[in-house]
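Residue-level structure breakdown
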Amino acid sequence: MKIKYWGTAAAEGVPGIFCNCEVCRLARAEKGRKLRTRSQLLINDDLLVDFGPDTYTNSVKYDFNMTNLKHIIITHPHEDHLYSEELEHRLSGFACEIGTPVLVLHGSADTLETIRRVTDRIPGFKGQDRVIYDIMKPYETRAIGRYYVTPLPAEHGTATPFVYLIEEGDKSFLLLNDTGRPSYEVYQYLVKRGILLDAISFDTTYGFENVLVKYGKADHHMGLLDNVAVKGFLDMNGVSDRHTVCIATHFSHQGIDADYHKMAEHSAKYGFITSYDGLEIEV
Ligand SMILES: [Zn+2]
Ligand SMILES: [Zn+2]
Ligand SMILES: [Zn+2]
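Let me sum up the structure you'll find in this document. (Residues numbered from 1 in each chain as written. Chains lettered and ligands numbered in written order. Predicted model: local features only at pLDDT ≥ 70, side-chain atom pairs only at ≥ 80, totals over all residues. Heavy atoms only, no water.)

**Observations regarding the overall build of the protein chain**
Let me state the cut-off plainly: Put simply, DSSP marks the helices as runs of H or I at least four residues long and the strands as runs of E at least two long, and each gets a number from the N terminus on. The size measure is the radius of gyration over C-alpha atoms, and the globule rule it meets is 2.2 Å times the number of residues to the 0.38 power. In this analysis, two residues are considered to be in contact whenever any of their non-hydrogen atoms come within 4.5 Å of each other. Every accessible area reported is derived by Shrake-Rupley at a probe size of 1.4 Å, with residue values counting cover from the shown protein chains alone. By the counting rule applied here, Lys and Arg register as positive and Asp and Glu as negative, while His and the ends of each chain are not counted. Where a charge lies is defined by one atom per residue type, namely NZ (Lys), CZ (Arg), CG (Asp) and CD (Glu).
Per the secondary structure count, the protein chain includes 8 helices and 14 strands. The C-alpha radius of gyration computed for the protein chain amounts to 18 Å, which stays within 12% of the reference 19 Å derived for 283 residues, consistent with globular compactness. Counting only C-alpha atoms and orienting by the principal axes, one finds that the protein chain spans roughly 50 × 50 × 35 Å. Relative to all contacts within the protein chain whose residues are 6 or more apart in sequence, the contacts with residues 24 or more apart total 69%. Within the structure as shown, the protein chain displays about 12500 Å² of accessible surface, and the carbon and sulfur contribution to it stands at 52%. Here the protein chain contributes 30 positive and 39 negative side-chain charges, whose respective centroids are spaced 1 Å apart.

**Some points on the coordination of the zinc ion (ligand 3)**
Spelled out, the test is: Each metal site is built from N, O and S donor atoms within 2.8 Å (3.2 Å for Na, K and Ca), and since water is not included, such sites may look incomplete. Tetrahedral means four donors with every angle between 85 and 135 degrees, whereas square planar (four donors) and octahedral (six donors) require angles over 155 degrees between opposite donors and between 65 and 115 for all others; sites fitting neither are termed irregular. Here the term buried applies to any residue with accessible area under 20% of the maximum for its type, exposed to any over 50%, and partly exposed to those in between, with areas from a 1.4 Å probe on protein chains only.
In this structure, H76 (NE2), H78 (ND1), H156 (NE2) and D178 (OD) serve as the protein donors to the zinc ion (ligand 3), at separations of 2.1 to 2.4 Å. Here the zinc ion (ligand 3) binds 4 donor atoms, and the angle range of 90 to 173 degrees at the metal identifies the geometry as irregular. In this structure, the zinc ion (ligand 3) is positioned 3.5 Å from the zinc ion (ligand 1), and both are ligated by D178. On the criterion of sequence distance, the pair formed by H76 in the loop between β4 (71-73) and β5 (103-107) and H156 in the loop between β8 (147-153) and β9 (162-168) is long-range, its members being 80 residues apart. In this structure H76 comes out as buried when scored by relative accessible area, which is 0%. On the basis of relative accessibility, which here comes to 3%, the residue H156 falls in the buried class.

**Topic: the coordination of the zinc ion (ligand 2)**
Note on metal sites: the ideal angle is 109.5 degrees for four tetrahedral donors, and 90 or 180 degrees for six octahedral donors. Those protein atoms acting as donors to the zinc ion (ligand 2) are C19 (SG), C21 (SG), C24 (SG) and H253 (ND1), and they sit at 2.1 to 2.3 Å. One way to put it: the 4 donor atoms around the zinc ion (ligand 2) meet at angles of 102 to 117 degrees, and that makes the site tetrahedral. Considered as a linear motif, the donors of the zinc ion (ligand 2) on their single chain read C-x1-C-x2-C-x228-H. Here C21 falls in the partly exposed class, since its relative accessible area comes to 24%.

**Thoughts on unusual backbone geometry**
In most cases, non-glycine residues show a negative phi, while peptide bonds are predominantly trans. In this model, V14 is joined to P15 through a cis peptide bond whose omega is 0 degrees. Assignment of secondary structure puts P15 in the loop between β1 (2-7) and α1 (22-30). That bond from N177 to D178 is cis: its omega, -5 degrees, falls within 30 degrees of zero. The phi torsion at D129 lies on the positive side, around 50 degrees, for a residue other than glycine. Among the structural elements, D129 can be located in the loop between α4 (125-128) and β6 (131-135). The residue Y139 is not glycine, and still its phi comes out positive at about 70 degrees. Along the chain, the position of Y139 falls in the loop between β6 and β7 (142-144). When its relative accessible area of 29% is taken as the criterion, Y139 is described as partly exposed.

**Quick notes on the packing of helix α5 (residues 184-193) against helix α7 (residues 224-236)**
Here is the rule we go by: Angles here are taken between N-to-C directions and fall from 0 to 180 degrees, while the axes themselves are lines fitted to C-alpha atoms, restricted in helices to the stretch in contact. Each crossing gets its handedness from the near helix: less than a right angle anticlockwise from the far helix is left-handed, clockwise is right-handed. As a working rule, the residues Ala, Val, Leu, Ile, Met, Phe, Trp, Tyr, Cys and Pro are called nonpolar, Asp, Glu, Lys and Arg charged, and the rest polar, with Gly in that last group.
Interaxial distance between α5 and α7 falls to 10 Å at its minimum, and their mutual angle equals 40 degrees. The handedness of the crossing between α5 and α7 is right-handed. Packed against α5, whose contacting residues are Y184, Y187 and L190, the element α7 presents V230, F233 and L234 at the interface. Split by residue class, the contact of α5 with α7 holds 6 nonpolar, no polar and no charged.

**A look at the packing of aromatic side chains**
Selection criterion: In this analysis, rings of Phe, Tyr and Trp, with Trp reduced to its six-membered ring, are considered paired at centre separations within 6.5 Å, and the interplanar angle assigns stacked below 30 degrees, edge-to-face beyond 60, and tilted for intermediate values. Think of it as a cone above the ring: NZ of Lys or CZ of Arg counts as a charge over the ring if it is within 6 Å of the ring centre and within 35 degrees of the ring normal.
The tally for this structure, following the rule as stated, stands at 10 aromatic pairs. Here Y184 and Y187 contribute two aromatic rings whose centre-to-centre distance is 5.9 Å and whose plane-to-plane angle is 55 degrees, an arrangement assigned as tilted. Here the residue Y184 and the residue Y187 both occupy positions in helix α5, the gap between them amounting to 3 residues, near one helical turn. Judged by centre distance (4.5 Å) and plane angle (55 degrees), the ring pair of Y187 and F233 falls under tilted. You can see Y187 sitting in helix α5 and its partner F233 sitting in helix α7, a full 46 residues away along the chain. According to the relative accessible area criterion, Y187 is buried, its value standing at 9%. Aromatic ring contacts, followed pair by pair, group W6, Y62 and F64 into a single cluster. The ring of Y276 carries R33 above its face, with NZ or CZ at 3.7 Å from the centroid.

**Focus on the sheet that holds β4**
Sheet strands pair via backbone hydrogen bonds, and the direction of the pair is either parallel or antiparallel. Note the threshold: Pairing between strands requires that DSSP locate at least two bridges from one strand to the other.
Strand order in the open sheet formed by 7 strands is β6-β5-β4-β3-β2-β1-β14, and the pairing between neighbours is mixed. Either end of the sheet is taken by a strand with one partner, and the two such strands are β6 and β14 (280-282). Strand-to-strand twist of the sheet, defined as the mean angle between neighbouring strand axes without regard to direction, takes the value 20 degrees. Sheet analysis places β1 next to strand β2 (residues 40-43), joined by 4 bridges and oriented antiparallel. Residue pairing in the sheet places Y5 in a bridge with L41 of β2. Sitting on the sheet, helix α3 (residues 109-119) touches β5 and β6, and the angle it makes with β6 is about 155 degrees.

What follows is the structure, given as structure tokens:
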């Protein structure tokens, strides 16, 4: 399984579109790994996770032909993960010789309803059937192309946010953003499944921080030290081990030591990889 990080930032990107803090100034000056678009990743070449405002730019940047894509799974309807208006450009009049006439969007009922509210206002959208909505329910595994995908409840504040367990053959990847520390029900599910994860992608919005200790709760996002605690708990329960590849991602420029090089140093101490736009992992 190949995991390619198209975008690795939280909502406003790095640099933040209207921000001039030190991290953002450094990102503008030095560019490279310090520049982060909004969070999104591609599994192999046929399963996209999230459809945020940088989808178009990233698809061009990474030379990916969106007309061949059949499936997108969406975590939740926050604007950094979902830009529904772009779907109008699948319609005839905008899209010619489209490779895959039907694109299936997978997500929770409220996420898909958010999309539908936008697309219902687009003239001719319903009639063309170029987008299908697949409502997923927590803990119900779906066969999507060559994958088995299980939505798990995220701790994130929207109506039904999901994180996803994605399995391909004997490979498994747990996508843990956007979310605070997972609930015990999610841990229990993973333990009962008897799964040993090959890779975990962690929400590290707060940078080098322990959100649970600092704020008394970590129910929307995490920091690296929350990630380490979650990994420790998964290790203890046999869901992950020292071979599990751990990636920290979804960074805010306002996180502690959010600058790429500082984060990379912190992450390395705990055996984590700090994501950057264009990072490719193979498990
Ligand atoms: Zn986000
Ligand atoms: Zn900033
Ligand atoms: Zn969010």
